[in-house]
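So you can see what is in the structure, the chains are spelled out below.
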Amino acid sequence: MQAFFQEIWVFWGETWRQSKTLFLAEMIGTLGGVIGAGTLTFMAPNPNLFVSFTAYIISSIALLYACHIRKSSWMMLLMIFYTITTTIGLIKLF
């Protein structure tokens, strides 16, 4: 298990050295997803959808940008889908 976390730490370091912008985009995207999912989970059955959708839209846009930098076409397609569906959710919320 320690080796696994060591690999993650090394990967983060390599990403940071490669591109600080990429590192920050992935970090913001991940944190946004965690906040969005956490809000839905811990506030169930009545979550604050505005907070969840806002966190998810920030997450999907940041990760879309990161996928673009990494040239990861299938992940870009997934992030485009998440961005569109989250935008629809935000619109329907108001």
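Residues numbered from 1 in each chain as written. Predicted model: local features only at pLDDT ≥ 70, side-chain atom pairs only at ≥ 80, totals over all residues. Heavy atoms only, no water.

1. Some thoughts on the overall build of the chain
Line of reasoning, step 1. Counting secondary structure elements, the chain contains four helices and zero strands.
Line of reasoning, step 2. Beginning at the N terminus, the succession of helices and strands in the chain can be written as α-α-α-α.
Line of reasoning, step 3. Structurally, the chain occupies a C-alpha span of about 40 × 30 × 20 Å along its principal axes.
Line of reasoning, step 4. The burial tally for the chain puts 27% of its 94 residues in the buried class. (Helix = DSSP H or I, 4+ residues; strand = E, 2+ residues; numbered from the N terminus. Buried < 20%, exposed > 50% of the residue type's maximum accessible area, 1.4 Å probe, protein only.)

2. Quick notes on the layout of surface pockets
Line of reasoning, step 1. Reported here for the largest pocket is a volume of approximately 200 Å³.
Line of reasoning, step 2. For the largest pocket, the full set of lining residues is Phe-11, Trp-12, Thr-15, Phe-23, Glu-26, Met-27, Thr-30, Leu-31 and Leu-63.
Line of reasoning, step 3. Of all the elements in the fold, those that place two or more residues in the lining of the largest pocket are α1 (2-18) and α2 (20-42).
Line of reasoning, step 4. Looking at the lining of the largest pocket element by element, the count peaks at five residues for α2.
Line of reasoning, step 5. Partitioned by chemical class, the residues of the lining of the largest pocket number six nonpolar, two polar and one charged. (1 Å grid on protein atoms, 1.4 Å probe; cavity = no way out; pocket = protein on both sides within 12 Å on 5 of 7 lines; lining within 4 Å. Points joined across faces, edges and corners; volume = space filled by probe spheres on them. Nonpolar A, V, L, I, M, F, W, Y, C, P; charged D, E, K, R; others polar.)

3. A closer look at the environment of Tyr-82
Line of reasoning, step 1. By secondary structure assignment, the location of Tyr-82 is in helix α4 (residues 73-93).
Line of reasoning, step 2. Considered as a pair, Tyr-82 and Lys-92 are ten residues apart in the sequence and their alpha carbons are 15 Å apart.

4. Details of the packing of aromatic side chains
Line of reasoning, step 1. Overall, the coordinates contain five aromatic pairs when judged by the stated rule.
Line of reasoning, step 2. Relative to Phe-5, the ring of Phe-4 lies with its centre 5.5 Å away and its plane at 70 degrees, an arrangement referred to as edge-to-face. (Phe/Tyr/Trp six-rings, centres within 6.5 Å; stacked < 30°, edge-to-face > 60°.)

5. Here we look at unusual backbone geometry
Line of reasoning, step 1. In this structure, Pro-45 follows Ala-44 across a cis peptide bond, with omega equal to 10 degrees.
Line of reasoning, step 2. Relative to the helices and strands, Pro-45 is located in the loop between α2 and α3 (49-70).

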